Amino acid sequence: MLSKKLTKNINLATAVAIEDIDNNAKNINTISRENDKAKNNYMMANSPSVEYSNLDKSKDKKNELDGGFKKKIKSIRNYRKILTKIATFITFGTLFFIVAYILINGVPHLTPQLFEKKYTTSNVSMLPSIITTLYIVVLGLLISVPIGVFTAIFMVEYLDPQNIFINIIRLATDTLSAIPSIVYGLFGMLFFVYYLDLKNSIVSGVLTVSIMVLPVIIRSSEEALLNVRNDYRWGSLALGAGRLRTVFRIVLPAALPGIISGIVLSTGRIIGESAALIYTLGTSTKLPTSLSDSGRTLSVHMYMLSGEGKFIDQAFATAVVILLMVLILNAISGFIGRKIAGKNYMK
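In this text, all values refer to a predicted model and were calculated from it rather than measured experimentally. (Residues numbered from 1 in each chain as written. Predicted model: local features only at pLDDT ≥ 70, side-chain atom pairs only at ≥ 80, totals over all residues. Heavy atoms only, no water.)

A. Just the nonpolar core, in detail. Counting residues in hydrophobic clusters, the biggest one holds 44 residues, and the most contacted among them are Ile136, Val149, Leu225, Ile259, Ile270 and Leu298. With nine residues, helix H3 (residues 127–158) is the largest single contributor of residues to this core. Contacts of Leu298, omitting those with residues within four sequence positions, involve Met126, Ser129, Ile130, Thr133, Thr318, Val321, Ile322 and Met325. Core analysis: the second largest hydrophobic core is formed by five residues, Met155, Leu159, Ile169 and Ile218 among them. (Core = buried A, V, L, I, M, F, W, Y, C linked by side-chain atoms within 4.5 Å. Buried < 20%, exposed > 50% of the residue type's maximum accessible area, 1.4 Å probe, protein only. Helix = DSSP H or I, 4+ residues; strand = E, 2+ residues; numbered from the N terminus. Contact = heavy atoms within 4.5 Å.)

Following this line, the structure appears as structure tokens:
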């Protein structure tokens, strides 16, 4: 009896042990499977293909951002081009309209009577005014150009850039450039005509316009000299040339285009000036035979004709001649400047 119970207990214990072993084996299998899955997931996540795909995604995002930025820049540039074209069209359109309006109204009235030697109320000749204008332009530039250019050379080449004297000259030239021309005319009338007793004459008009255009020549010449590279100066000095020779043989020819630009602007201002010359030169219709004679320039002649109201057509014809004179004098100035620069470079 006892042996049967013992055998039964042994069988039960063996069955329980076998069942526990099976359960442990199953657990081990599930754990190994989970580890394999985790390992596979880790391998997949860290595989080169995944890294490449992530890099591609980041590159795509960067390309999208760069593409949007480039589109914005391109659109801004397109807007700038459009605005530039509009501004250019408005500028040249306005200039073309003014010139065309003057030519249409003035060219048909250019008659031989307007170029007779003596002025009368019937022919209202502009020939004395043309000759007087040439006197004023040539003599005015002969006085103002040397003074203005040499002043600019002294400021740029010989003075220290931090010198207070340069700041004073610049302040003075900028202030004088902003003064209306009629103020120059009143100054010329009070000082040259009355105080120096030069009366209304060519001399008074020339001295007045010389002072008037002097700031333009000084500033334009100074900027032209400052734009010349210092390498030219250093190279010339290194070769043994003196400062004066360097300025006149090296620096000045290189700065000549900018200086000529200032001279051209001054020429146009002198030709188109009327307020300052009415008070100093006068309004005489006679052809001046000396520097002490009075006269009238083309701009004063046009102003007087338009003010009378009877000779509007002749005033338009005078405006056409003024345009042609400005173009011709500018072309001559440019030609002379190029010739001088070419000769200096050849030397």
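This is not the end of the story, as more comes after the structure.
B. Structural view of the packing of H3 against helix H6 (residues 202–226). In contact at an axis separation of 6 Å, H3 and H6 are set at 40° when each is read in the N-to-C sense. With respect to each other, H3 and H6 are oriented oblique. When you trace H3 past H6, the crossing you get is right-handed. Residue composition of the contact of H3 with H6, grouped by class: 21 nonpolar, eight polar and one charged. (Axes fitted to C-alpha atoms, helices over the stretch in contact; angles between N-to-C directions. Parallel < 35°, antiparallel > 145°, perpendicular 65-115°, else oblique. Left-handed = near helix turned anticlockwise from the far one by under 90°. Nonpolar A, V, L, I, M, F, W, Y, C, P; charged D, E, K, R; others polar.)

C. Looking closely at the side chain of Thr173. Take Thr173: it is sitting in helix H4 (residues 164–177). Judged by its relative accessible area of 5%, Thr173 falls in the buried class.

D. Quick peek at the packing of aromatic side chains. Here the structure, examined in full by the defined rule, presents seven aromatic pairs. A ring pair is formed by Tyr101 and Phe316, whose centres lie 5.8 Å apart and whose planes are at 75°; its orientation type is edge-to-face. In this pair, Tyr101 is assigned in helix H2 (residues 48–106) and Phe316 in helix H11 (residues 312–346), connecting sequence segments 215 residues apart. Aromatic side chains Phe187 and Phe191 sit 5.6 Å apart centroid to centroid with 5° between the ring planes, which places their arrangement in the stacked category. Of this pair, Phe187 and Phe191 both sit in helix H5 (residues 181–195), four residues apart, roughly one helical turn. For Phe191, a relative accessible area of 32% translates into the label partly exposed. Ring pairing ties together the aromatic residues Phe187, Phe191, Phe192 and Tyr195, which thus form one cluster. Directly above the ring of Tyr119 sits Arg296, whose terminal nitrogen or CZ lies 5.7 Å from the centroid. (Phe/Tyr/Trp six-rings, centres within 6.5 Å; stacked < 30°, edge-to-face > 60°. Lys NZ or Arg CZ within 6 Å of the ring centre and 35° of its normal.)

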